Amino acid sequence: MNRRTTIASLAAWGLVGATGLSACGGAPPPSATARWLSLSPSLTETAFAIGAELVGRSTFCLLPPEAQALPAAGTALTPDLEAIVSIGPSGILVEGAKSVPLDRLRKLAPVEVFPWLTKAEVVGSVRRLGETLGRPKAAAALAERFEKGLSGTAPKSAPRVVMALAGDDLGRGTLWYLQPDSLHGAALAAAGLRNAVPPVPGPPQMSLERLIELDPDVIVVLSAQSLDPAAATRMTDALRKIEPLKAVRDGRIGVVHGPGTLSTGPSILELPARIAAAVKRAE
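This is a predicted model, so every value here is computed, not measured. (Residues numbered from 1 in each chain as written. Predicted model: local features only at pLDDT ≥ 70, side-chain atom pairs only at ≥ 80, totals over all residues. Heavy atoms only, no water.)

**As for the sheet that holds strand 9 (residues 253–257)**
In step 1: Spatially, 4 strands are ordered 6-4-8-9 in an open sheet, and the strand pairing comes out parallel. The open sheet is flanked by strand 6 (194–195) and strand 9, the only strands paired with a single partner.
In step 2: Examined bridge by bridge, strand 4 (residues 160–165) and strand 6 share 2 bridges and lie parallel to one another. Within strand 6, the residue paired with Arg 160 across the bridge is Arg 194.
In step 3: Relative to strand 4, helix 7 (residues 183–190) is tilted by about 145°, and along the sheet it contacts strand 4, strand 6 and strand 8 (218–223).
In step 4: Where helix 11 (residues 271–281) meets the sheet, its contacts fall on strand 4, strand 8 and strand 9, and the angle it forms with strand 9 comes to roughly 150°. (Pairing = 2+ DSSP bridges. Helix = DSSP H or I, 4+ residues; strand = E, 2+ residues; numbered from the N terminus. Contact = heavy atoms within 4.5 Å. Axes fitted to C-alpha atoms, helices over the stretch in contact; angles between N-to-C directions.)

Here it is as structure tokens:
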């Protein structure tokens, strides 16, 4: 696409001046052979899992690895307008989020929004994504896998677990964690383990004092990076110094790591077994 066409399209967004904007018109609804661009990692991963084709992705869409061959167009929150215009999608896929600039994206192409926070939302959105991308049967099968793979209730005797997110300040300041009503919370329950943190409104963040108050049986740290054993140990060194914690005294701190660990796409279906294995290793 040439520079003149790009500038004209950006003008429709109001970022550059232009005349004759009526020529841009409204974008027609995507057809069955639409060129879809995904600005959400979970949607990109799911599209590949059901055998659908995309023409572009967000910068953060790294799964599956073959998705990285697609041209990137920024993120859902900060889309790269010129890249989107150059790719020329006939439709854009995004997860539901308050900060996504939907009005602006819709001036470039029709936008389909998919709720993706809870298991129920994901099951419904996977089915609708399949209809949108022309892969309804494959999507229905994947939705059933989400339904079954993230189901389960931990017994009252199960260990109480805090799932913490890896970070440079892990064990030194505030702690980011996974809530029970999140997809990762459902994965923990499917692993037969209890979440030590009750559902609370607001950001999933707690002080170390709150962590000591909860005093979980096990702490599982989740990292999207691939780590060797020495690196995994170094990551949790600061946590291991918090001696009032039962998990520290009992040596029950585990690590689950790798590219799919924080995914909310199909990779999360492997997480219950991985969490259970990490807890087992920490016994």
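**Thoughts on the packing of helix 7 against helix 11**
In step 1: The interhelical angle for the contact between helix 7 and helix 11, taken along N-to-C directions, is 60°, at an axis separation of 8 Å. Relative to helix 11, the element helix 7 lies oblique. Between helix 7 and helix 11 lies a crossing of right-handed hand. Side by side, helix 7 and helix 11 meet where His 184, Ala 187, Leu 188 and Ala 190 of the first sit next to Leu 271, Pro 272 and Ile 275 of the second.
In step 2: Within the contact of helix 7 with helix 11, the residues separate by chemical class into 6 nonpolar, 1 polar and no charged. (Parallel < 35°, antiparallel > 145°, perpendicular 65-115°, else oblique. Left-handed = near helix turned anticlockwise from the far one by under 90°. Nonpolar A, V, L, I, M, F, W, Y, C, P; charged D, E, K, R; others polar.)

**A closer look at the environment of Leu 227**
In step 1: For Leu 227, the location among the structural elements is in the loop between strand 8 and helix 9 (229–235).
In step 2: Its relative accessible area of 16% is what places Leu 227 among the buried residues.
In step 3: A C-alpha to C-alpha distance of 9.2 Å links Leu 227 and Val 256, two positions 29 residues apart in sequence.
In step 4: Aside from chain neighbours lying at most four places away, what touches Leu 227 is Ala 232, Met 235, Val 255 and His 257. (Buried < 20%, exposed > 50% of the residue type's maximum accessible area, 1.4 Å probe, protein only.)

**Quick word on the nonpolar core**
In step 1: Counting residues in each nonpolar core, the largest one holds 40 residues, and the members touching the most others are Leu 93, Val 126, Leu 133, Phe 146, Leu 150 and Ile 275.
In step 2: Taken together, the elements giving at least two residues each to this core come down to helix 2 (41–49), helix 5 (119–133), helix 6 (136–149), strand 4, helix 7, strand 8 and helix 11.
In step 3: Residue contributions to this core peak at 5 residues, all from helix 5.
In step 4: Not counting chain neighbours up to four residues away, the residues in contact with Val 126 comprise Thr 46, Trp 116, Ala 139, Leu 142, Ala 143 and Phe 146. (Core = buried A, V, L, I, M, F, W, Y, C linked by side-chain atoms within 4.5 Å.)

**Observations regarding the environment of Ala 109**
In step 1: Summarising the element assignment, Ala 109 is placed in the loop between helix 4 (102–105) and strand 3 (111–114).
In step 2: Residue class for Ala 109 comes out buried when judged on its relative accessible area of 1%.

**Remarks on the environment of Val 197**
In step 1: Tracing the chain through its elements places Val 197 in the loop between strand 6 and strand 7 (205–206).
In step 2: On a C-alpha basis, the gap between Val 197 and Gly 185 in space is 10.0 Å, while along the polypeptide they are 12 residues apart.
In step 3: Sequence-distant contacts of Val 197, defined by excluding residues within four places in its chain, comprise Val 162, Tyr 177, Pro 180, Met 206 and Leu 214.

**A word on helix 7**
In step 1: In terms of burial, helix 7 is largely enclosed, as 6 of its 8 residues are buried.
In step 2: Three or more residues of helix 7 are buried, namely Leu 183, His 184, Gly 185, Ala 186, Ala 187 and Leu 188.
In step 3: Packing partners of the buried residues in helix 7 comprise helix 5, strand 4, strand 6, strand 8 and helix 11.
In step 4: Directly after helix 7, the chain includes Gly 192, whose backbone phi takes a positive value near 80°.

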